Amino acid sequence: MVTFLAGGTGTPKLLNGAEAVFDPSATTVVANTGDDVELGGHLVCPDVDTVLFHGGGVLDTDTWWGIDGDTTATHDELQRLADAAGLDVGPQYLGDDAQTAGREIAEWRRFSGVAEFMQIGDRDRAVHLTRTSLLDEGWSLTEVTRTLAEAFGLGIDLLPMSDDPVATIVHTDEGAMHFQEYWVHRRGDPEVQEVEFRGAETATPTPEVRSALSDPVVVGPSNPVTSIGPMTAMAGVAEALESTPVVAVSPFVGSEVFSGPAPALMRGVGYDASTAGVAAAYPFADAFVLDDDDPTELERPVVRTDTRIDDEIDAARVARAADAALSEATSVGGDTG
Ligand code: FO1
Ligand code: CA
């Protein structure tokens, strides 16, 4: 059994070749939900959906989000109607009165659907609409995700990190904003001062997640701050990771990153934007997978390979390195119980 902790791009890229090494029927993926937003009333779970669409063989692997070849008829019409009505475009938070009962903090991830600021494909939207309707009927996000996973024919188990809402809020020189507003609307431009996981003090990992965290864990090459940070901000997660073998694949090569906003976010929360910073962010990791060209020396066991992942062959190579690192982790640090 093995459990992957996944954000939106790095870990799904690793999963794209991991089945050559890790049996899918013995693999669980815990996906970050701190990036989730309610857009026009529909709950969008980008990191869950990237793994869902990947496992279903329909992910757009040019962008690593959304469904390959999806149309955008509804999205385009929403833009046209907003333009015709002379309405403001861009993210607009909805206030308290728009909240769904019991989903506190919703205002921080709840955006108007007028000229929606994220591009939502038509088939993608069907997932959000189904998810939201089932939640409204009282299903948990875990149950909804299991049902969607069946519909997409996933070979692995896919779990949202929590059934409770957590919103990743980026505090910047231009004010506090939701991660999606910072990343999609503002293209990571404002200067990051602090990152907050709103709701994480009261959110709990589900029993399914707690059980998955008793297996050996691979932290994929995801963003330590916004992909893994929301998970470890919940009570009990860091402790669970301390008592199981954990391997982390660095998303950095020294101080370079293959893609995404990790450097600015790492610096913003006070870590070095480097592999050394990743090691500091992951005190629970027993071993690391680092790139051949990464000069970083760590005090924990390291397995080196070429960590650039462009295709399934690359992914399988990094997965083999993670498997080798797990053997090291099991012998040095992790308690297999
Ligand atoms: N990323 C973008 O850069 N632009 C978009 O318009 C966009 C839309 C979108 C819709 C659904 C979805 O699941 C993801 C989407 N993403 C988009 C990706 C997402 O913003 C982030 O890359 C992840 O949250 C990072 O993990
Ligand atoms: Ca450990």
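Residues numbered from 1 in each chain as written. Chains lettered and ligands numbered in written order. Predicted model: local features only at pLDDT ≥ 70, side-chain atom pairs only at ≥ 80, totals over all residues. Heavy atoms only, no water.

Enquirer: Give me the overall build of the chain: which residues, what numbers.
Expert: Each helix and strand in the chain was counted, giving 12 helices and 15 strands. Compactness check: the chain gives a C-alpha radius of gyration of 19 Å against a globular reference of 20 Å for 337 residues, within 12% of the reference. Structurally, the chain occupies a C-alpha span of about 60 × 45 × 35 Å along its principal axes. Sorting the 337 residues of the chain into buried and exposed places 55% on the buried side. Taking the contacts inside the chain whose residues are at least 6 apart along the sequence as the reference set, 70% of them involve residues at least 24 apart. When the accessible surface of the chain is split by element, carbon and sulfur atoms take 47% of a total near 13,700 Å². With 19 positive and 58 negative side-chain charges, the chain shows a separation of 2 Å between the mean positions of the two kinds. (Helix = DSSP H or I, 4+ residues; strand = E, 2+ residues; numbered from the N terminus. Rg over C-alpha atoms; globule rule 2.2 N^0.38 Å. Buried < 20%, exposed > 50% of the residue type's maximum accessible area, 1.4 Å probe, protein only. Contact = heavy atoms within 4.5 Å. Areas by Shrake-Rupley, 256 points an atom, 1.4 Å probe, with all protein chains shown as cover. Lys, Arg positive; Asp, Glu negative; His and termini not counted. Charge placed at Lys NZ, Arg CZ, Asp CG, Glu CD.)

Enquirer: Before we move on, could you go through the coordination of the calcium ion (ligand 2) and cite the residues and values that matter?
Expert: Donor atoms from the polypeptide that bind the calcium ion (ligand 2) are Thr-244 (O), Asp-286 (OD) and Asp-286 (OD), placed at 2.4 to 2.9 Å. With Thr-244 in the loop between helix 9 (237-242) and strand 11 (246-249) and Asp-286 in the loop between helix 11 (275-281) and strand 14 (287-291), this residue pair connects regions lying 42 residues apart in the sequence. Taken individually, Thr-244 and Asp-286 each receive the classification buried, so the pair is uniform in this respect. (Donors = N, O, S within 2.8 Å, 3.2 Å for Na, K, Ca; no water.)

Enquirer: An account of the environment of Pro-295 is needed here, citing residue identities and associated values.
Expert: Mapping Pro-295 onto the fold places it in the loop between strand 14 and strand 15 (302-305). The class of Pro-295 is exposed, set by a relative accessible area of 62%. Pro-295 sits 42 residues away from Val-253 along the chain, and the two C-alpha atoms are 8.1 Å apart.

Enquirer: Could you give me a rundown of the sheet that holds strand 8 (residues 175-178), with the residues and numbers involved?
Expert: An order of 8-7-9 is seen for the three strands of this open sheet, with the pairing classed as antiparallel. Edge positions in the sheet fall to strand 8 and strand 9 (192-198), since each of these pairs with one other strand and no more. On average, each strand axis in the sheet is tilted by 25° relative to the strand beside it, whichever way the strands run. As judged from the six bridges shared by strand 7 (residues 167-172) and strand 9, these two strands associate in the antiparallel manner. (Pairing = 2+ DSSP bridges. Axes fitted to C-alpha atoms, helices over the stretch in contact; angles between N-to-C directions.)

Enquirer: Got a sec to walk through the pattern of salt bridges? Specific residues and values, please.
Expert: Here the structure, examined in full by the defined rule, presents 12 salt bridges. A salt bridge links Glu-196 to Arg-198, with the shortest nitrogen-to-oxygen separation between them at 2.8 Å. Since its relative accessible area comes to 25%, Glu-196 is described here as partly exposed. Each of Glu-38, Arg-109 and Arg-110 takes part in one network of salt bridges that share partners. (Salt bridge = Lys/Arg side-chain N within 4 Å of Asp/Glu carboxyl O.)

Enquirer: Please set out helix 8 (residues 224-232) residue by residue, giving values where relevant.
Expert: Here helix 8 lies mainly inside the structure; eight of its nine residues are buried. Among all positions in helix 8, only Pro-224, Val-225, Thr-226, Ser-227, Ile-228, Gly-229, Pro-230 and Met-231 are buried. Measuring from the side-chain oxygen of the N-cap residue of helix 8 to the backbone nitrogen of Val-225 gives 2.8 Å; that N-cap residue is Asn-223. (Polar contact = N/O pair within 3.5 Å; in protein donor to acceptor, adjacent residues only side chain to side chain.)

Enquirer: Break down the packing of helix 4 (residues 122-136) against helix 5 (residues 141-152) for me, citing the residues and quoting the values.
Expert: Running from N to C, helix 4 and helix 5 point in directions that differ by 140°, and their axes come no closer than 9 Å. Classified by the angle between their axes, helix 4 and helix 5 sit oblique to one another. Of the two elements, helix 4 crosses helix 5, and the hand of that crossing is right-handed. Together, Val-127, Thr-130, Arg-131, Leu-134 and Leu-135 of helix 4 and Leu-141, Val-144, Leu-148 and Phe-152 of helix 5 make up the contact between the two elements. (Parallel < 35°, antiparallel > 145°, perpendicular 65-115°, else oblique. Left-handed = near helix turned anticlockwise from the far one by under 90°.)

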